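# Coordinate inspection notes
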Amino acid sequence: MTARAGDAPPSGPPAVVRESLQGKYAGFASRFTAFAVDVGVSLGVFMLALAAVSFAALVLTGKDITWHKGDIWVIIAYAVWAFIYFAYSWAASGRTAGMALFGVRVVTDDGTDASARRAVVRTLALPLSFLFLGLGFVGILLGDRRRALHDVIAGTAVIYSWDARAARLRFLSRG
Amino acid sequence: MVSALDVNALLDQVDLNAVLDQVDINQLLDRIDLDRLLERIDLNDVVKHIDVSALVEQTDLGAVIAASSSGVAGDVLDVVRSQTVGLDEFIARWIGRLRRRPYTGPPGPPDRLRPGAGS
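Per chain, residue numbering runs from 1 following the sequence as it is written. All chains are assigned letters beginning at A, and all ligands numbers beginning at 1, according to the order in which they are written. In view of the model being predicted, local features appear only for residues whose pLDDT reaches at least 70, and side-chain atom pairs are presented and counted only at 80 or more, with totals across whole chains, interfaces and linings using the full set of residues.

### Here's the deal with the overall build of chain A
In DSSP terms, a helix is any run of H or I states spanning at least four residues, a strand is any run of E spanning at least two, and both are numbered starting from the N terminus. The secondary structure content of chain A amounts to 7 helices and 2 strands. Mapped from its N terminus to its C terminus, chain A presents α and β elements in the order α-α-α-β-α-α-α-β-α. Residue burial here comes from a neighbour count, namely the number of other C-beta atoms, placed from the backbone, that lie within 10 Å of the residue's own C-beta, with 20 or more meaning buried, 12 or fewer meaning exposed, and in between meaning partly exposed. Among the 175 residues that make up chain A, the fraction classed as buried is 36%. Two residues qualify as a contact pair if the distance between their C-beta atoms, derived from the backbone, is within 7 Å. Sequence separation of at least 24 residues holds for 68% of the intrachain contacts in chain A that already meet a minimum separation of 6.

Okay, structure coming up:
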């Protein structure tokens, strides 16, 4: 079997992107990697917070608190923190840290800025997309507007927010 | 008396080149209040008619702007984003093949997206 031109994922510099993608619906890889970064960031911050609480308790009371990941209170605390992390980020700027890194953002399905209410609904609906082996994410792959189940419920979409053509020009200017 | 004059016939007899030869352009320009003239021009309307994208693409202007705002972190970010977009396109092309629908590029933008929104 021979590889055909255009089949392989590009491994070159930013020159691979020849048009400005700004405003186009973001694809699966960008969204998934952004989400993975967000999970890492939110978990990292949460663990730091737990460590800080443990340290403060040790200093103030002399008691050593240990946390177990199966502890219901730890799970609830993380769920609350994750809700705040995603809902606030989407309401405030339309993007989380991971989304900012990968140049994507949340907008309403007609392209206007997402309101706080939509951000909250989107955050609450996000777990639904994971049900049935992540069936809710299939819409990103097959849908005309690349929307997951939680996007449809919240009336939102995810678009590229970075100017790929400017990146290409930056690459050319270095050459 | 004016109505009796044939203005067209009169103008036909005027040698405009000779008249213009006698006009001191510098003196004329000195009498023009450019500030007042510019105040009457809607520059925003003029700029709307300029294809900035084509201008940036066809000249070194884009490279100059880009070079001035580029840093190491920005370069890394560009590469990471470009690679991920490449992967997006790779996946979308294969999905298009499986569905026997030719892939013509990422869909969008949404109808009411403001130009430059999201940047």
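### Examining the confidence of the model for chain A
Residue and element names in this part refer to chain A. Each residue gets a pLDDT score, which is the predictor's confidence in that residue and runs from 0 to 100. Per-residue pLDDT for chain A averages 87, and the proportion of residues at 70 or more is 88%. Confidence scores differ between elements of chain A, with helix 7 (residues 164-174) showing the lowest mean pLDDT of 73 and helix 6 (residues 149-154) the highest of 97. Segment residues 1-16: pLDDT under 50, and 19 contacts once partners within four positions in sequence are set aside and those in other chains are kept.

### Considering the environment of R118(A)
Residue and element names in this part refer to chain A. Within the secondary structure layout, R118 lies in helix 4 (residues 116-134). With 71 residues separating them along the chain, R118 and M47 place their C-alpha atoms 28 Å apart. In this view, R118 contacts T108, A154, G155 and T156; residues no more than four positions away in its chain are not counted.

### Let's talk about the pairing of strand 2 (residues 156-160) of chain A
Residue and element names in this part refer to chain A. Within strand 2, 5 of the 5 residues are buried, which leaves it mostly tucked inside the rest of the structure. Here strand 2 shows a buried face lined by T156, V158 and Y160 and a second buried face lined by A157 and I159. With 5 bridges joining them, strand 1 (residues 104-108) and strand 2 adopt antiparallel strand pairing. In the sheet register, R105 faces strand 2, and the bridge partner there is I159. One bridge is not enough; two strands pair if DSSP finds at least two bridges between them.

### Remarks on helix 2 (residues 72-92) of chain A
All names here are of chain A. Given a helix with a known number of residues, its expected span is that number minus one, times 1.5 Å. With 21 residues, helix 2 should reach 30 Å at 1.5 Å per residue; the first-to-last C-alpha distance of 30 Å fits that figure. Turning to helix 2, the residues buried within the fold contact helix 1 (28-61), strand 1 and helix 4. Following helix 2 by one or two positions, G94 adopts a phi angle in the positive range, close to 80 degrees.

### Overview of the environment of G98(A)
Residues and elements named next belong to chain A. Tracing the sequence through the fold places G98 in helix 3 (residues 97-102). With 22 C-beta atoms counted inside 10 Å, the residue G98 sits in the buried group. Counting along the chain gives 68 residues from G98 to S30, while the straight-line C-alpha distance between them is 9.6 Å. Residues in contact with G98, not counting those within four places in the same chain, are A34, F35, V37, D38 and V41.

### Some words on unusual backbone geometry
The residue after G108(B), namely P109(B), is reached through a cis peptide bond having omega 0 degrees. Structurally, P109(B) can be placed in the segment after helix 8 (72-98). Despite not being glycine, R146(A) shows a phi value in the positive range, around 55 degrees. Here R146(A) is to be found in the loop between helix 5 (138-142) and helix 6.

### Examining the nonpolar core
By convention the nonpolar core is taken to be a set of buried residues drawn from Ala, Val, Leu, Ile, Met, Phe, Trp, Tyr and Cys and joined through C-beta atoms within 7 Å. Ranked by internal contacts, the top residues of the largest apolar core, which has 27 residues, are A26(A), V104(A), V107(A), V158(A), I159(A) and Y160(A). Sort the elements by how many residues they give to this core and helix 7 of chain A lands first, with 5 residues. With residues near it in sequence (within four places) discarded, V107(A) still touches G94(A), T112(A), D113(A), A114(A), T156(A), A157(A), I159(A), P110(B) and L113(B).

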